[in-house]
Amino acid sequence: MKYVVVTLLSASLLLGGCAANNEGQSKVSQNEPSTNTAEANDNQNKDSSINESDKSIMDSPQAPDDSSLTEVGKTVEDQDGMITLKAISKYDETISIGDVELTISDVKVMDYAPSPDLVDFFHGYSDNETQFNYVKLRVNVKNTSDQTVNFAPVSLLETGSEKKGFEDDFYLENLYGNLGPGEEKAGQLGFVLNETDVEKLKSITVNTSDVFDENKESLTEAKSITIPF
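K.L.:
Would you mind going over the sheet that holds strand 8 (residues 163–165) in detail, with residue names and values included?
P.N.:
With antiparallel pairing, 4 strands are arranged side by side in an open sheet as 8-7-11-14. The two strands at the open ends of the sheet, each matched to only one other strand, are strand 8 and strand 14 (224–228). Neighbour-to-neighbour, the strand axes of the sheet open up by a mean angle of 20°, direction not taken into account.

Written as structure tokens, this is what we have:
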């Protein structure tokens, strides 16, 4: 009888130990996926923020995304229309204009056939709004000072046969005007070319504005930048 009692007690202890061990392993197993899920979600959020940042620079409601166009003659098409790369520049430089740092890069000339819903939009920009050439620049402007300044990255763009002012920019990404202390803006500018033979285009000249203070007093004179193709 004593043997039976001891045996039963031993079996109970053994079963209890196994149950506790299995419960511990179950808790660990349950915790591991939640940790991995948290890491995956964190990485996904980081990727999402990067993609959103890229999208804010690359995607415009006025023109197709040209980021994949790196070879002259290639074409891309999306809901905004169809573009063909006519010329591309390797220019990627940062220059200082007083308290403003200006970076210009990703300069391209493209032939553009807008989608039907955008044709009316380009009526005021082109003499043939159904198909035209345009030059696009990516810019980054930063105010390095502790005071507000006023600046236009492109006050006048020249191709040799025509000139375009800042009001001719059709990307409309609000890259002109006041920059608060330490403020930075990034985006794209696009100018329709109505009179330029893009097959013979060797370079463009970008003239910035002066750097002004809040009272429109000039702090630093404008600069002229030549961008070769």
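Text resumes after the structure shown.
K.L.:
Break down the nonpolar core for me, citing the residues and quoting the values.
P.N.:
Ile 104, Leu 137, Ile 204, Val 206 and Ile 227 are the most contacted members of the largest nonpolar core, which has 30 residues in total. Those elements that place two or more of their residues in this core are strand 4 (100–114), strand 5 (132–143), strand 6 (149–151), strand 10 (184–193), strand 11 (203–207) and strand 14. Residue contributions to this core peak at 5 residues, all from strand 4. Excluding its chain neighbours within four sequence positions, the residues that come into contact with Leu 137 are Ile 104, Ser 105, Asp 106, Val 107, Leu 157, Gly 187, Gln 188, Leu 189, Phe 191, Ile 204, Val 206 and Ile 227. By size, the runner-up hydrophobic cluster in this structure holds 15 residues, among which are Phe 122, Tyr 134, Tyr 171 and Val 192.

K.L.:
Tell me what's going on with the pattern of salt bridges, and back it up with residues and numbers.
P.N.:
Evaluation of the coordinates by the stated rule reveals 8 salt bridges. Asp 106 is the partner of Lys 108 in a salt bridge, and the nearest nitrogen-oxygen pair spans 3.6 Å. Judged on exposure class, the residue Lys 108 and its partner Asp 106 are both buried. Its salt-bridge partner being Arg 138, residue Asp 106 comes within 3.3 Å of it at the nearest N-O pair.

K.L.:
So what's going on with the side chain of Ser 145? Which residues, and what values?
P.N.:
With respect to the element layout, Ser 145 can be found in the loop between strand 5 and strand 6. With a relative accessible area of 13%, Ser 145 lands in the buried category. Among the polar contacts made by the side chain of Ser 145, one reaches the side chain of Asn 143 at a distance of 2.7 Å. Looking at Ser 145, its side chain comes within polar contact range of the main-chain oxygen of Gln 147, at 3.0 Å. In contact with Ser 145, other than residues within four places in its own chain, are Asp 99, Pro 181 and Gly 182.

Reading guide: rules and limits
Residues numbered from 1 in each chain as written. Predicted model: local features only at pLDDT ≥ 70, side-chain atom pairs only at ≥ 80, totals over all residues. Heavy atoms only, no water. Pairing = 2+ DSSP bridges. Helix = DSSP H or I, 4+ residues; strand = E, 2+ residues; numbered from the N terminus. Axes fitted to C-alpha atoms, helices over the stretch in contact; angles between N-to-C directions. Core = buried A, V, L, I, M, F, W, Y, C linked by side-chain atoms within 4.5 Å. Buried < 20%, exposed > 50% of the residue type's maximum accessible area, 1.4 Å probe, protein only. Contact = heavy atoms within 4.5 Å. Salt bridge = Lys/Arg side-chain N within 4 Å of Asp/Glu carboxyl O. Polar contact = N/O pair within 3.5 Å; in protein donor to acceptor, adjacent residues only side chain to side chain.

No statement about biological role is implied by the geometric values presented.
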